[in-house]
Amino acid sequence: MAHNAFSRLVNLHRHFNITTKSGTKGGTENAAPGTIKISHDVSTALSNGKAVVALESTIISHGMPYPQNLETAKELEAILKENGAVPATVAILDGIPCIGLSPEELETLAKLGPKARKISRRDISYVVTTRQSGGTTVSATMIFASMVGISVFVTGGIGGVHRHGETTLDISCDLTELGKTPIAVVSAGVKSILDIPKTLEYLETQGVCVVSYKTEDFPAFFTEKSGCKVNRKLDIKSGILIAIPIPKEHSVSGNVIESAIQTALREAGEKGITGSAETPYLLTRVNDLTGGASLESNIALVKNNAVLGAQIAVALAKIEDHGHRKGWYSLSICGLNSHLI
């Protein structure tokens, strides 16, 4: 027992003194605890100033069933490559934070599904020290991506303030992470199972720059509009949330989605499902209630996000390549006019 405690303390020390290591064909078994393993493709791209886009992995482990999760993960990486960016899917495997997964590692995580840990900021130390495997949420992905110098991250939708959050205080740490980690997050807005107006208020409190792509109406994940307007503004030393509406042809009727969400919320309350288990349950139940329409929309919107994410990463790489100083980036592409820190 004492040996186990000492071993965990040693691993925890290594976690707080992380070094980076380029990935090898040997996978994670040859990587020392406390090491961040970066795939060869990602490491080479970063070294050469090429466009790299981070991808989270809870969409693989908890967001979709197998084999759709694996197919979607592969398609997202292919979309990024087609648009000139190197994909860097982030996960923790056997206690090793990995940035850029091999096809075998993607499949392993996809097959693990909900059996894998859902890793947020607070879980990183525990998962590393106990050498577990899991998918990284928006917050954890932002941390690792920023740590190695990746400036753009694509996800489906970020977490936020849960409905009735004013009494439950159930607020995703994605929002606080956006307030302190300088990375551009491209998403289809906030998951519509959440309280979008309160989420935007909380982002404002955190000093997060929020912009919408080709619209002033903040998107609502499954639908194009939430009814909330976005004021473009510039803040310093924080992330930036770039919200892109779901393609119109894949948008689900707002009434249909809201009805399904209300039913799922009621059932979750009756079953006592709360905390980190609530979002996966709600998304799965909403998909059941919409006859699979919400999952199809989820896949379509994250692919759409990947295209814009790649374009932004490529534009940033070109700016740096032309000798502009790092820190402030004036960006104007495809109708998006903002500044990235």
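See above for the structure.
From a predicted model like this one, the values you see are computed outputs, not experimental measurements.

A. Structural context of the environment of F144. Secondary-structure assignment places F144 in helix 7 (residues 138-147). Judged by relative accessible area, F144 falls into the buried class, the value being 1%. Sequence spacing of F144 and I99 is 45 residues, and the spatial spacing of their C-alpha atoms is 7.6 Å. F144 has contacts with I36, V90, I92, P97, I99, I124 and T136, leaving out every residue within four places of it along the chain.

B. Summary view of the layout of surface pockets. By volume, the largest pocket is sized at about 750 Å³. Together, 35 residues line the largest pocket, and K118, T137, S172, S276 and T279 are the ones closest to its centre. For the lining of the largest pocket, the secondary-structure elements that each account for two or more residues are helix 3 (58-61), strand 6 (117-119), helix 9 (173-178) and helix 12 (278-289). Top element by residues in the lining of the largest pocket is helix 12. It accounts for 3 residues. In the lining of the largest pocket, the residues fall into 11 nonpolar, 16 polar and 8 charged.

C. Representation of the nonpolar core in the model. By size, the foremost hydrophobic cluster in this structure holds 102 residues, and its most contacted members are I99 and F218. At 12 residues, the largest contribution of residues to this core is made by helix 13 (residues 293-321). With near-sequence residues (within four places) excluded, I99 lies in contact with I36, K37, I38, S39, V42, A88, T89, V90, F144, V148 and I150.

Parameters at a glance
- Residues numbered from 1 in each chain as written.
- Predicted model: local features only at pLDDT ≥ 70, side-chain atom pairs only at ≥ 80, totals over all residues.
- Heavy atoms only, no water.
- Helix = DSSP H or I, 4+ residues; strand = E, 2+ residues; numbered from the N terminus.
- Buried < 20%, exposed > 50% of the residue type's maximum accessible area, 1.4 Å probe, protein only.
- Contact = heavy atoms within 4.5 Å.
- 1 Å grid on protein atoms, 1.4 Å probe; cavity = no way out; pocket = protein on both sides within 12 Å on 5 of 7 lines; lining within 4 Å.
- Points joined across faces, edges and corners; volume = space filled by probe spheres on them.
- Nonpolar A, V, L, I, M, F, W, Y, C, P; charged D, E, K, R; others polar.
- Core = buried A, V, L, I, M, F, W, Y, C linked by side-chain atoms within 4.5 Å.

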